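# Structural features, examined
The lines below spell out each chain.
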Amino acid sequence: MPVREQVDYAAFERLDIRIGTVLDVQPFPKARNPSWKVRIDLGELGSRWSSAQITAYPPEQLIGTQLCCVVNFAPRNIAGFQSEVLILGVTGADGMIILLSPRSPAPDGNPLH
């Protein structure tokens, strides 16, 4: 994948990336691609929902997991569902998404630096 165009640090600073804990995972049969509806505890920000193509992870493995997500994108309507945050991950060698998460527990809602 080619490197994207260079941006200044201010572009990164506008992103609000926080740590959250997965509270609930529900099936999302209306999604075009296999996805879960995921509810995330973001501490003082409350809980928010995300539509995420992370079905390689079973719900019982996701619940209680801390992950990184962008919380200041506008909500996105995905097949009639309001996705409020973007869960961050990278593509693994097998093409599946690997979630980004802290190496040690962190308070929900804490920002990424």
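Since the structure is predicted, the reported quantities are computational estimates derived from the model, not experimental observations. (Residues numbered from 1 in each chain as written. Predicted model: local features only at pLDDT ≥ 70, side-chain atom pairs only at ≥ 80, totals over all residues. Heavy atoms only, no water.)

### Some thoughts on the nonpolar core
Our working rule: Remark: nonpolar core denotes a set of buried residues (Ala, Val, Leu, Ile, Met, Phe, Trp, Tyr, Cys) joined through side-chain atoms within 4.5 Å. Any residue under 20% of the maximum accessible area for its type is buried, any over 50% is exposed, and the rest in between are partly exposed; the area is computed with a 1.4 Å probe on protein chains only. Numbered from the N terminus, helices here are DSSP runs of H or I no shorter than four residues, and strands are runs of E no shorter than two. In what follows, residue pairs with any heavy atoms lying within 4.5 Å of each other are defined as contacts.
One finds Val38, Ile40, Ile54, Leu62 and Ile87 to be the most contacted residues of the largest nonpolar core, which totals 16 residues. Mapped onto this core, the elements with two or more residues apiece are strand E1 (17-27), strand E2 (36-41) and strand E4 (66-70). Top element by residues in this core is E2. It accounts for three residues. In contact with isoleucine 54, other than residues within four places in its own chain, are Trp36, Val38, Leu62, Ile87, Ile97 and Leu99.

### Let's talk about a nonpolar patch on the surface
Convention followed: For patch detection, residues must exceed 30% relative accessible area and be free of salt bridges, and they are connected within 9 Å for like charges or within 5 Å for nonpolar side chains (Val, Leu, Ile, Met, Phe, Trp, Tyr). Where accessible areas are quoted, they stem from the Shrake-Rupley method and a 1.4 Å probe; at the residue level, only the protein chains shown are allowed to cover. Note on definitions: salt bridges are taken to be side-chain nitrogens of Lys or Arg within 4 Å of carboxyl oxygens of Asp or Glu.
On the surface, a cluster of nonpolar side chains totalling about 560 Å² of accessible area is made up of Tyr9, Phe12, Leu15, Phe73, Leu86 and Leu112. Position of phenylalanine 73 among the secondary structure elements: in the loop between E4 and strand E5 (76-78).

### Regarding unusual backbone geometry
Of note in the backbone geometry, alanine 79 takes a positive phi value of approximately 50° without being a glycine. Considering the arrangement of structural elements, one finds alanine 79 in the loop between E5 and strand E6 (81-83). Overall, the relative accessible area of 39% leaves alanine 79 in the partly exposed class.

### Focus on the pattern of salt bridges
Overall, the coordinates contain one salt bridge when judged by the stated rule. The salt bridge involving aspartate 16 is made with arginine 18; its shortest N-O contact spans 2.6 Å.

### Let's talk about the sheet that holds E4
Operational definition: Strands are labelled as partners when DSSP assigns at least two bridges between them.
Strand order in the open sheet made by the five strands is E3-E2-E1-E4-E7, with antiparallel pairing throughout. Here the strands that pair on one side only, and so sit at the sheet edges, are strand E3 (47-52) and strand E7 (86-87). Bridge count between E2 and E3: six bridges; the pairing is antiparallel. Looking at E3, one finds that aspartate 41 is bridged to serine 47.

### What about the environment of proline 27?
Within the secondary structure layout, proline 27 lies in strand E1. Along the chain, proline 27 and lysine 37 lie 10 residues apart, while their C-alpha atoms are 6.2 Å from each other. Leave out the neighbours within four places in its chain, and proline 27 touches Ser35, Trp36 and Lys37.

### Comments concerning the packing of aromatic side chains
Put simply, the rule is: Two rings from Phe, Tyr or Trp (for Trp, the six-membered ring) form a pair when their centres are within 6.5 Å of each other. A pair whose planes differ by under 30 degrees is stacked, one over 60 is edge-to-face, and the rest are tilted.
Applying the stated criterion to the full structure yields three aromatic pairs. Taken together, a centroid distance of 5.6 Å and an interplanar angle of 45° make the contact between tyrosine 9 and phenylalanine 12 tilted. Of this pair, tyrosine 9 and phenylalanine 12 both sit in helix H1 (residues 9-13), separated by three residues, roughly a single helical turn. The class for tyrosine 9 is exposed, based on a relative accessible area of 54%. Look at phenylalanine 12 and you get partly exposed, because its relative accessible area is 34%. An aromatic cluster of three or more residues is present, and its members are Phe28, Trp49 and Phe81.

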